[in-house]
Amino acid sequence: MTKLIATRDVYGETLAEIGAVNKNIVVLDADLSSSTKTNIFAKKFPERFFNMGVSEADMMGTAAGLAAGGKIPFASTFAIFASGRAWEQIRQSIAYPKLNVKIVATHGGITVGEDGASHQAIEDIALMRAIPNMTVVVPCDGVETKSVIHEIIKYNGPVYVRVARGKFPVVMPEDYKFTLGKGSVVRDGKDAAIIANGLMVSHALEAAEMLAKEGLSIRVVNMSTIKPIDRDIIIKAAKETGAILTCEEHSIIGGLGEAVATVAAEEYPVQVKRLGIQDRFGQSGLAEELLVHYALMPKDIAEAVKEAVKKK
Amino acid sequence: MVKPDIEQLKKWARQLRLDVLMMLNKAKSGHTGGSLSAADIIAALYFYKMRHNPKETKWPDRDRFVLSKGHAAPIQYAALARCGYFSPKELTTLRRFGTILQGHPDMKCTPGIEVCTGSLGQGLSMANGIALALRLDKKSSRVYALMGDGEQEEGQVWEAAMSAAHYKLDNICAFVDFNGFQIDGAVTDIMNIEPLSQKWKAFGWHVLMIDGHDMGQIVKALDDAETIKGQPTMVIARTVKGKGVSIFEGKYQYHGVPPSDDELKRSLEELGISADGWPERVI
C-alpha cells in the first residue's frame, strides 16, 4: 500500500533536525505553529523561535531583519497569509535585497478542505513567481520535502516553499535528492507528457497507469521548482512527446501551467493544456470532494491527456 | 561615554542641510521637507551616538540605523558621505541612472545602508529582526530607527510596536520625526495619529518627548535610551517640516518637491552658507 505523509509534518521534523546542527537557523511563525509544525522546532529551540502572533507583515519584516543580521530565518504560516497578506513586505524587505529568508507556507491549495475559500491559497505561486529574486518550490511528497528543506539552506537567497495540509502518497524513492531548479522524470513515455507538482504528481502517475491500459505511453515530470523553471526538461518533453498537460493544485493563471506553456511557446511550440483551478475560488468540503469537484483527480487528468493527444 | 560637542554637531547638521538642498536641486527630484526635518537627529546619530566604522561597513559590533521613512534618503546619504562611507562626489549622482544613491535606501547599492526601505511602515519590523539577531549573538550593539509621523498610519508599525515590547528589545531606540505633515496635508487632517505618545506608552515602550531640533535634547534622549532596560525606547521628536529654510518650513507642498535654482539660492542666503566647493569642501 502507498505510504501517506503530510508534507507539513516532514517540514516541521526536518527543520528541528537541521536546527540541531545549524545554530544560525531561526524560525518565525504567526500563531499557527501547531498547524505549520514549526512547534517541533519551537519546543527544542525556544530561544531561536519567535512567535510573532497574528501579524504576517511584521513577521516577514522581522525575518528580513534577522537575515540582515546574519541568521537563516524560516518564516511559516498558511500559504494564503504568507503570500497574500504579506506580499509587499516580502517584495520590499526580503526579495528586493535578496535576503536569505526561507518562507515555508503550509496549507497550499484546495486540499486545505473544510476551512473553505478564505484559507485555500490558489494564487500563491503566481504571486511569488512574479517577484524578482524569488525562488519557488512545491514538493510533491514527504521524501521530496525533506530534501527540499535541506537543499534550500545551501542556497543564499529568498525561497518560497509550498507544502500541504493533507497526507499525500509518497511517490519519490527514499534515496531521491532534490536539485533546485531541476525537474525530474518520474515515469517515461512518448505519446504525451504530464508536467505536474505537489499532490498532482501522484495523480498524474495514476492517470499514466490508466492510460497505459489504453495503449498510451505517458511521461510524468515532477516539476517541483517552478522558478527558476527547468527549461530543458520542458523542451525535451515537447520534442519527444509532442503534447504537454500541466497539472497543479493552483489557479491556471500564473502558476506552473503558464510557466511551462511559456517555455514551450518560446522554444518548441506543441499542444499544451493546463489543468488546475479554472479561475474560481475554492469552498468548504473534504479534500477528496474538492479534488473531484475541481476536476483534479487521476481520471480528469487522463481525459485531459487524451484530448491533448488528439490535438497533436 | 564620550562627551558630545553640541556646537560641532550643530555644524554637521548645517552641513547635512546644505548637502540635501544641493543634492535635491541637482537631482531635480526628491523629498525636501522630510529630509530637512530629520537633519539634527541624523547628525546626532552619525556624528555622536552610533558606534560605526565607515572603513569596515560590515563590522559585526557596529550599531545599526534603519531609515524607515526611506524617502528622507538624501539626509542619510549626506551623513554617510560626510562620515566617509563614500566620496561626497557621489552626492551629485542622487537618483541618476546607475547611481549608488537610489531614490530610496538600498542595502545592495550603498555602503552603510543596512536594509531596503521606501515602502512605509516596514522599517521597525526589520529593526526588530536585527535587534533579535544581535541579542542571539550576544552583541551589545544597538539598533536605531527613524519613522515619519504620517508613517504611523501604517498598521505594520503597530504590529512591530507590539513585537518589540513583547520581546523586550531594549537594544532598540526608535524616533518619530513628528513634523506634522504628510504628502496630502497636515497629519491631523489626513489621518490623525494623536495621542501618539500615549499610544506608544500603551504599546509598552519607554517614551521620550523632545524638540527634534534641539541638539542638547536629542543627545540627552540618545544617552537616556541606553539606560532603559527591559523595553524599547521611542523618542517622539517634534520637528518642523523643511526646518532651516523658511520657504520650505511647515509646507506640505514641499514633501516631495526639490528646491528650484532660485529657491536654492534663497535657501543658501538664509542659511548663510556658500555652496562654493561643494560637494568636496566641508563648511
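Heads up: the structure comes first, above all this text.
Residues numbered from 1 in each chain as written. Chains lettered and ligands numbered in written order. Predicted model: local features only at pLDDT ≥ 70, side-chain atom pairs only at ≥ 80, totals over all residues. Heavy atoms only, no water.

Caption draft 1: Quick peek at the overall build of chain A. When you go through chain A residue by residue, the secondary structure sums to 13 helices and 14 strands. A compact globule built from 312 residues should have a C-alpha radius of gyration of about 20 Å, and chain A, at 19 Å, falls within 12% of that. Based on the C-alpha atoms only, the size of chain A along its principal axes is roughly 60 × 40 × 35 Å. Expressed as a percentage of the 312 residues in chain A, the buried residues total 62%. Taking the intrachain contacts of chain A between residues at least 6 apart in sequence as the baseline, contacts between residues at least 24 apart amount to 78%. Entry remark: accessible area of chain A is about 11,400 Å², with carbon and sulfur atoms responsible for 53%. Counting 36 positive and 37 negative side-chain charges, chain A places the centres of these two groups 4 Å from one another. (Helix = DSSP H or I, 4+ residues; strand = E, 2+ residues; numbered from the N terminus. Rg over C-alpha atoms; globule rule 2.2 N^0.38 Å. Buried < 20%, exposed > 50% of the residue type's maximum accessible area, 1.4 Å probe, protein only. Contact = heavy atoms within 4.5 Å. Areas by Shrake-Rupley, 256 points an atom, 1.4 Å probe, with all protein chains shown as cover. Lys, Arg positive; Asp, Glu negative; His and termini not counted. Charge placed at Lys NZ, Arg CZ, Asp CG, Glu CD.)

Caption draft 2: Region of interest: the pattern of salt bridges. Residue and element names in this part refer to chain A. Summed over all chains, the structure comprises 32 salt bridges over all chains. Residues Arg162 and Asp124 are paired through a salt bridge, measuring 2.8 Å at the closest nitrogen-oxygen approach. Of this pair, Arg162 sits in strand β7 (residues 159-162) while Asp124 sits in helix α7 (residues 124-129); the two residues are 38 residues apart in sequence, bridging distant segments of the chain. For the residue pair Arg162 and Asp124, the accessibility class agrees, reading buried in each case. Among the ionic pairs, Glu266 bridges to Arg231, the shortest N-O distance being 3.0 Å. With Glu266 in helix α11 (residues 256-267) and Arg231 in helix α10 (residues 231-241), this residue pair connects regions lying 35 residues apart in the sequence. (Salt bridge = Lys/Arg side-chain N within 4 Å of Asp/Glu carboxyl O.)

Caption draft 3: Highlighting the interface of chain B and chain A. Counting from both sides, the interface comprises 24 residues of chain B and, opposite them, 27 residues of chain A. Together, the buried faces of chain B and chain A total about 2,000 Å²; carbon and sulfur atoms form 58% of this surface. Looking only at chain B, the three residues that lose the most surface to chain A are B:Gln122, B:Leu136 and B:Tyr167, adding up to 24% of its buried area. Inspection of the chain B/chain A interface yields one salt bridge. A salt bridge links A:Lys71 to B:Asp137; its shortest N-O distance comes to 2.5 Å. (Buried area = accessible area lost by both parts, 1.4 Å probe.)

Caption draft 4: Structural detail: empty space enclosed by the protein. All told, the structure shown has three cavities of 30 Å³ or more when counted by the stated rule. In terms of lining residues, the largest cavity is bounded by A:Thr7, A:Gly108, A:Val138, A:Pro139, A:Arg162, A:Val163, A:Ala164, A:Phe168, A:Asn197, A:Gly198, A:Leu199 and A:Glu249. Counted by class, the lining of the largest cavity contains six nonpolar, four polar and two charged residues. Two domains each provide a minimum of three residues to the lining of the largest cavity, namely domain 1 (4-169) and domain 2 (184-307) of chain A. For the second largest cavity, the full set of lining residues is B:Tyr46, B:Met50, B:His52, B:Thr57, B:Arg62, B:Asp63, B:Arg64, B:Phe65, B:Tyr85, B:Gly112 and B:Glu114. (1 Å grid on protein atoms, 1.4 Å probe; cavity = no way out; pocket = protein on both sides within 12 Å on 5 of 7 lines; lining within 4 Å. Points joined across faces, edges and corners; volume = space filled by probe spheres on them. Nonpolar A, V, L, I, M, F, W, Y, C, P; charged D, E, K, R; others polar. Domains from an automatic or database assignment.)

Caption draft 5: Focus on the pairing of β7(A). All names here are of chain A. Across the two faces of β7 the burial is the same, with Val159 and Val161 and Tyr160 and Arg162 all buried. Examined bridge by bridge, strand β5 (residues 102-106) and β7 share four bridges and lie parallel to one another. Paired with Ala105 across the strands is Arg162, a residue of β7. Pairing between strand β6 (residues 135-137) and β7: three bridges, direction parallel. The residue of β7 that forms the bridge with Val136 is Tyr160. Each parallel crossover has a hand, and the one from β6 via helix α8 (residues 142-154) to β7 is right-handed. (Pairing = 2+ DSSP bridges. Right-handed = clockwise from strand over helix to strand, strands pointing away.)

Caption draft 6: Region of interest: the pairing of strand β4 (residues 72-78) of chain A. Residue and element names in this part refer to chain A. Counting buried positions over the seven residues of β4 gives seven, a clear majority of the element. Pairing of strand β2 (residues 25-29) with β4 involves five bridges; the strand directions are parallel. The residue of β4 that forms the bridge with Val26 is Pro73. Where β4 lies against β5, five bridges are found, and the strand directions are parallel. Residue Phe78 lies in a different strand from β5, and its bridge partner there is Thr106.

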